[in-house]
Amino acid sequence: MTNQKTDPARSAAGFPRRRLLRGATVALAVLTAVVITSCAEKTRTSGGGGTLVISTASDADQLFPPLVVTVQGRQVVEQIFEPLADVSDSLNVFGDGGFLPRLADSWTWAPDSMSIAFHLDPRARWHDGKPVHARDVAFTISLCKNPALAAPIAPLLSNIDSVTVKDSLTPVFWFRSRSAQQFYDAATVALILPEHVYGAIPVASLASSDVLRHPIGSGRFKFKSWVPNASIEIVSNPDHYRAPARLARVIWTISPGDFNAAATRFLAGDADLFPSVRADMLPEIAKSHTARLIEYPGFKFGYMVFNMRDPANPKLPHPLFRDAAMRRALTMAVDRASLVRNVFDSLAIPSIGPTVRAMATADTTIPQIPYDPQGAMRVLDSLGWHTGADGIRVRSGRTLAFTIMVPSSSKDREKLAVLMQDQFKRVGAKVDVLSVEPNVFERQQYAHKFDGAIEAWLADPSPGGIRESWGSAAAHTEGSKNYGDYANAVFDVQVDSALHATTRPTARALFSRAFRTLIADAPAIWLFEPRNMVGVNERIHLAPLRADAWWAHLADWYVPADAQIARDRAVDEIAPTADSQHVKRSN
C-alpha cells in the first residue's frame, strides 16, 4: 500500500490553513515530511500478535458499560462488550445503511417502522462460554432505562418503549415514535450485557458490586486485570465467533494525574501509544527513530461548564450562574481565540458550540457570543454589580467570585483556567483555579460541587447525544453527564423535533436551531476543538482511526512477527503494580 501524507495545512476535519507558531513550526514541518502518515497507513491483512502498551494519565471510571462516562473507561469496555451493530467509519447514524453487524447478523423492520427484530449471530458466546440470548438484550435495555441504576445513557434510550423476546435469537425493539435515528438508538447506544452475570444483583446495589470489577462480555478481547491507578490489561479472545483480536494483549499503563510521566513513558519507548499529544511534545517525536505522529478528524471539544446548582447546597440554584445574563456577560469577557492560540499553538481552534465541525449536523454559521469586555462590564453594571476599590465587583455585600475546577492530569486545561482567571479579573470577577486529581474531578462533577469546570468532551456520533449533557431529562439526576444541571424546555423540544426528522437536511436545520438556542443561553463557554493527534510506535500496524473513537478498530491492530520485541513475548512483565506508580498530588 502506498504511504499517504497528512496535509499539514488542512486536516481532514476542515481546520483552516494556518502557520504553526514558535517551536512547533519546525517540529511539525519535520514530522510532516518524515513521520506523519494517514491513519490507515500500516494496515495489513496477514500476520498478527504482539502487545500494545498505551500510556495515559487517567484511570477508567468504570468497567461496566451502562455507567461508564470517561474516555478511558470507554476505550476498555468497547473492546470487551459489543453492541448489536456498530457505526461504520462514515459515521452515518440516519437509517440503518451505515452500520456493521456485530452481535446481530441481520435485522428486519416492521412495515410501520415502529419495531425492529434483530437476529443474533448463533455463534456468539459470552466469555464464560454461555451463548448470547435474546433475553440478554431485553435485560440490558431494561436495566439501562431503570431509574435505580441512573445510567447516563438512559436519555438516549427514551424512544425505546420495550424489548420483547420472540425466540432465543430474536429480540424485538418497540418504539414510541418514528425517528431517523431509531436504528442507532436500538443497535448502538447500549453494549449488551449477560443477564446471568449481572441480573441476580439488585439494581440499587449494582454500582457498588465487586462483580463489576471483573467484566464478562462477548467481544474480541477478554478482561484480564485491573490494578486501580496503575494498569488495565485485556487479552485476545481466541474463541470469538467472528475472529480473535489480532493483538495478543493491550495494556493501559496509568500515571494518575501526571501527564508528564505518561508522556515520558511513551517518548522513552516504554509505551507504544500516547493518545493525547501536545504541541510541546512535537520536537521530541520529530527526533525519535521509533515514534510517529498520526492526525485524524475527531469529535473532541472543550468548554467551561457553569454549574446551575449551589455547590454549598446542591438543592438550591447557584447564586451567580442561575442568571443567563450573568453567564453571557462572563462569556463576553473571554477571548477564546487568544486562549486557544496561547495554550494549543496551532493544534486547536475555537469551538463552535456543543458539537464539532466533523459532525454532519454541525453549523459553523451560528453566531457565537462575541468577545466584548466593555459590553460584559455594561451588562454587569446593569445587573447591579459595582466595582470596588480593589477592582472586584460587589452586589448587596456579595463579591463576584467563583472557582474554576480542572483535572491535574490536563496541563492544557490548567493553563486555560489561569488565562481565563486573568480575563475575568479585567471585568471585575475574582476567580480561583482549583486543580484536583482526575477521580476527585469526576466525583465533584457528579455531585455538582463546583462553580465552573473545564471539560474535554468526546461527542457521540449521533447529534442526539447532546441530550446526555444538556437535556432536561438528565438534569437533577446524580451520576448523569449533565454536570451543570442545565435544563431548557425550548431546547428540549427543538432537539426532539430534530431527532424525529426523516431526512438529514431537515434534521440538520432543526439541530442548528437547537444549537442556536443553547449557545445564546450560555450554559457553558465553548473553548476549543483540538486537532486530534496520537503518537504511536512505528512497529504497530494500525487499522483506520474512527473520528469519534480512535480505538474502534483496536482488535485489528497488530505487531508483525519480525517487528516484535521483548514485551510482545512477555506475559506478566509489563503491567505495573499500584505501589510502583508515582502518584502526583495536586497542591
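Residues numbered from 1 in each chain as written. Predicted model: local features only at pLDDT ≥ 70, side-chain atom pairs only at ≥ 80, totals over all residues. Heavy atoms only, no water.

Student: Help me understand the overall build of the protein chain in this model?
Tutor: Scanning the protein chain from terminus to terminus reveals 17 helices and 24 strands. A total of about 22700 Å² of accessible surface is found on the protein chain, and carbon and sulfur atoms cover 53% of it. (Helix = DSSP H or I, 4+ residues; strand = E, 2+ residues; numbered from the N terminus. Areas by Shrake-Rupley, 256 points an atom, 1.4 Å probe, with all protein chains shown as cover.)

Student: Honestly, the side chain of R413 in this entry has me stumped. Any pointers?
Tutor: Relative to the helices and strands, R413 resides in helix α12 (residues 411–426). Buried within the structure, R413 lacks any salt-bridge partner; its nearest side chain of opposite charge belongs to E455, at an N-O separation of 4.7 Å. Ignoring anything within four residues of it in the chain, the contact list for R413 reads V406, P407, F441, I454, E455 and A456. (Buried < 20%, exposed > 50% of the residue type's maximum accessible area, 1.4 Å probe, protein only. Lys, Arg positive; Asp, Glu negative; His and termini not counted. Salt bridge = Lys/Arg side-chain N within 4 Å of Asp/Glu carboxyl O. Contact = heavy atoms within 4.5 Å.)

Student: How do you make sense of the pattern of salt bridges when you look at a structure like this?
Tutor: Two side chains of opposite charge can pair, provided their charged atoms sit close to one another. Per the stated rule, a full pass over the model turns up 23 salt bridges. Notably, a salt bridge pairs R242 with E82, separated by 2.7 Å at the nearest N-O pair. Linking R242 in the loop between β9 (231–236) and β10 (249–254) with E82 in the loop between α2 (71–80) and β2 (85–87), this pair joins segments that are 160 residues apart in sequence. For E82, a relative accessible area of 5% corresponds to the buried category. Here D381 ties to R393 by a salt bridge, and the two come within 2.6 Å at their closest N and O atoms. Of the two residues, D381 is situated in helix α11 (residues 373–382) and R393 in strand β18 (residues 393–395); the sequence distance between them amounts to 12 residues. Several salt bridges share partner residues, and in doing so they unite D272, R539, R567 and D568 into one network.

Student: Is there a simple way to think about unusual backbone geometry in this case?
Tutor: As a rule of thumb, non-glycine residues mostly have phi less than zero, and peptide bonds are mostly trans rather than cis. Phi angles above zero are rare outside glycine, and A150 is one such case at about 55°. Its place among the elements puts A150 in the loop between α3 (134–145) and β6 (160–167). Of note in this structure, S396 is not a glycine but carries a positive phi near 55°. Along the polypeptide, S396 turns up in the loop between β18 and β19 (398–399). Under the relative-accessibility criterion, S396 is labelled exposed at 79%.

Student: Would you explain the sheet that holds β18 in this entry?
Tutor: Backbone-to-backbone hydrogen bonds join strands into a sheet, with any given pair of strands oriented parallel or antiparallel. Across the sheet, three strands lie side by side as β17-β18-β19; this open sheet has antiparallel pairing. Looking at the sheet topology across the chains shown, the edges are occupied by β17 (386–387) and β19. With two bridges joining them, β17 and β18 adopt antiparallel strand pairing. Looking at β18, one finds that T387 is bridged to R393. (Pairing = 2+ DSSP bridges.)

Student: Just to check I follow, could you spell out the packing of helix α9 (residues 324–332) against α11 for this structure?
Tutor: For any two helices packed against each other, one specifies the crossing angle of their axes together with the interaxial distance. Between α9 and α11, the shortest axis-to-axis distance is 8 Å and the interhelical angle comes to 155°. As judged from the angle between their axes, α9 and α11 are roughly antiparallel. Crossing angle aside, the handedness with which α9 passes α11 is left-handed. Along the contact surface, α9 presents A325, M326, A329 and M332, while α11 presents P373, G375, A376, V379 and L380. Among the residues making up the contact of α9 with α11, the classes are represented as eight nonpolar, one polar and no charged. (Axes fitted to C-alpha atoms, helices over the stretch in contact; angles between N-to-C directions. Parallel < 35°, antiparallel > 145°, perpendicular 65-115°, else oblique. Left-handed = near helix turned anticlockwise from the far one by under 90°. Nonpolar A, V, L, I, M, F, W, Y, C, P; charged D, E, K, R; others polar.)

Student: What should I look at first to understand the pairing of strand β7 (residues 170–175) in this one?
Tutor: Put simply, side chains in a regular strand alternate between the two faces of the sheet. Most of β7 sits out of view: five of its six residues are buried. Both strand β5 (residues 115–120) and β7 contribute to a ladder of three bridges, which runs antiparallel. Along β7, the bridge assignment pairs S115 with W174. Where β6 and β7 come together, six bridges link them in antiparallel fashion. The residue of β7 that forms the bridge with V163 is F173. Here β6 folds back onto β7, and the loop between the two strands holds two residues.

Student: For this particular structure, what's the right way to read the packing of aromatic side chains?
Tutor: What describes a pair of aromatic rings is the distance from one ring centre to the other and the angle between the planes of the rings. Considering all chains together, one arrives at 24 aromatic pairs under this definition. Feature note: the residues F99, W107, W109, F118, F173, F183 and Y184 constitute an aromatic cluster, connected by ring pairs. (Phe/Tyr/Trp six-rings, centres within 6.5 Å; stacked < 30°, edge-to-face > 60°.)

Student: What exactly am I supposed to notice about the sheet that holds strand β4 (residues 104–109) here?
Tutor: Spatially, β4-β5-β7-β6 is the arrangement adopted by the four strands of the open sheet, whose pairing is antiparallel. The open sheet is flanked by β4 and β6, the only strands paired with a single partner. Here the strands of the sheet are splayed against their neighbours by 20° on average, with no regard to which way each runs. Looking at chain direction, β4 and β5 are connected through five bridges and run antiparallel.

Student: What should I look at first to understand helix α15 (residues 489–499) in this one?
Tutor: It helps to recall that an α-helix has 3.6 residues per turn; residues three or four apart then point in one direction. Looking only at α15, the buried set comprises F491, D492, Q494, V495, A498 and L499. Down the axis, α15 shows its buried residues gathered within 165° of arc, on one side only. Exposed side of α15, more than 90 degrees from the buried face: A489 and V493 are the residues found there. In the core, the buried residues of α15 are packed alongside α14 (466–470) and α16 (504–521). Its side-chain oxygen at 3.0 Å from the backbone nitrogen of V490, N488 defines the N-terminal cap of α15. (Arc of directions from axis to C-beta. Polar contact = N/O pair within 3.5 Å; in protein donor to acceptor, adjacent residues only side chain to side chain.)

Student: Can you walk me through the packing of helix α10 (residues 336–344) against α12 in this structure?
Tutor: Where α10 contacts α12, the two axes come as close as 10 Å, and the packing angle between them is 140°. With respect to their mutual orientation, α10 and α12 come out oblique. As for how α10 packs across α12, the hand of that crossing is right-handed. Together, S338, L339, N342, V343 and F344 of α10 and D412, K415, L416, L419, M420 and Q423 of α12 make up the contact between the two elements. Along the lines of polarity and charge, the residues of the contact of α10 with α12 split into six nonpolar, three polar and two charged.

Student: Teacher, can you tell me more about the environment of I160 here?
Tutor: When you line up the elements, I160 lands in strand β6. Separated by 22 residues in the primary sequence, I160 and Q182 have C-alpha atoms spaced 8.3 Å apart. In this view, I160 contacts I141, K145, F173, W174, F175, R176, D185 and A186; residues no more than four positions away in its chain are not counted.

Structural measurements only, silent on function.
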